[in-house]
Amino acid sequence: MRSRTASPFQMLLRRAGLPALTLIAVGFFVYNAVLGPTGVMATKQIKADYEQKSTEYTALDKKRAALKNRVELLDQKRGVDPDLADELARKQLNVVRPDEVVIPLDKHAPAPTGR
């Protein structure tokens, strides 16, 4: 029969097992708190991304408000705004009134100098 005495390695493993696992778990959480995707080091980048997205959101919100206003001006229940209808028809059909003068501009021409 074998004796029930544990080897020195087994004794060491029993004594140091729980503290080692605890240190590994604490190390994991500290690493993620500092260097993880939402850690202290990533906070600066997250704030910069937030500011950029906030600026983009503000610009898109203004654009949405302008488009909403144009849609409301074209609402058939309340009557279409005559100025907007005229503007859209002229742009779509590429027409002018007889009393208007058209000055064609070359988009690729250099800007005039101030002489």
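Please refer to the structure placed before this passage.
We now turn to the structure provided with this report. (Residues numbered from 1 in each chain as written. Predicted model: local features only at pLDDT ≥ 70, side-chain atom pairs only at ≥ 80, totals over all residues. Heavy atoms only, no water.)

A few points about the overall build of the protein chain
Thought 1: Helix and strand counts for the protein chain come out as three helices and zero strands.
Thought 2: When the helices and strands of the protein chain are placed in sequence order, the string is α-α-α.
Thought 3: Against the compact-globule benchmark of 13 Å for 115 residues, the protein chain has a radius of gyration of 36 Å, which places it well outside the compact range.
Thought 4: Along the first, second and third principal axes, the C-alpha set of the protein chain runs to 115 × 55 × 25 Å.
Thought 5: Across the 115 residues that make up the protein chain, the buried fraction comes to 3%.
Thought 6: Roughly 11400 Å² of accessible area belongs to the protein chain as shown, and the carbon and sulfur atoms make up 62% of that amount. (Helix = DSSP H or I, 4+ residues; strand = E, 2+ residues; numbered from the N terminus. Rg over C-alpha atoms; globule rule 2.2 N^0.38 Å. Buried < 20%, exposed > 50% of the residue type's maximum accessible area, 1.4 Å probe, protein only. Areas by Shrake-Rupley, 256 points an atom, 1.4 Å probe, with all protein chains shown as cover.)

Some words on the pattern of salt bridges
Thought 1: The tally for this structure, following the rule as stated, stands at six salt bridges.
Thought 2: Note that Arg78 and Asp75 form a salt bridge whose closest N and O atoms lie 3.7 Å from each other.
Thought 3: By relative accessible area, which is 59% here, Arg78 ends up exposed.
Thought 4: On the basis of relative accessible area, Asp75 is assigned to the partly exposed category, the value being 28%.
Thought 5: Here Asp86 and Arg97 are joined by a salt bridge, their closest N and O atoms 3.0 Å apart. Separated by 11 residues along the polypeptide, Asp86 in helix α3 (residues 82-93) and Arg97 in the segment after α3 bring together distant segments of the chain.
Thought 6: Salt bridges here are not isolated pairs; linked through shared partners, they connect Asp86, Arg90, Arg97 and Glu100. (Salt bridge = Lys/Arg side-chain N within 4 Å of Asp/Glu carboxyl O.)

Digging into the packing of aromatic side chains
Thought 1: Within the structure shown, the criterion is met by one aromatic pair.
Thought 2: When the ring of Phe28 is compared with that of Phe29, the centres are 5.3 Å apart and the planes differ by 70 degrees; the resulting orientation is edge-to-face.
Thought 3: Classification of Phe29 as exposed rests on a relative accessible area of 56%. (Phe/Tyr/Trp six-rings, centres within 6.5 Å; stacked < 30°, edge-to-face > 60°.)

Thoughts on unusual backbone geometry
Thought 1: Look at Asn94: it is not a glycine, yet its phi comes out positive at around 60 degrees.
Thought 2: Mapping Asn94 onto the fold places it in the segment after α3.
Thought 3: Overall, Asn94 belongs to the exposed group, its relative accessible area being 71%.

Section: a nonpolar patch on the surface
Thought 1: A cluster of nonpolar residues, Val26, Val30, Tyr31, Val34, Leu35 and Met41, forms a patch on the protein surface that exposes about 580 Å² of accessible area.
Thought 2: On the basis of relative accessibility, which here comes to 47%, the residue Val30 falls in the partly exposed class. (Patch = residues over 30% accessible without salt bridge, like charges linked within 9 Å, V, L, I, M, F, W, Y side chains within 5 Å.)

Concerning α3
Thought 1: The end-to-end C-alpha distance of α3, which contains 12 residues, comes to 16 Å, matching closely the 16 Å that a straight helix rising 1.5 Å per residue would cover.
Thought 2: Directly after α3, the chain includes Asn94, whose backbone phi takes a positive value near 60 degrees. (Expected span 1.5 Å × (residues − 1).)

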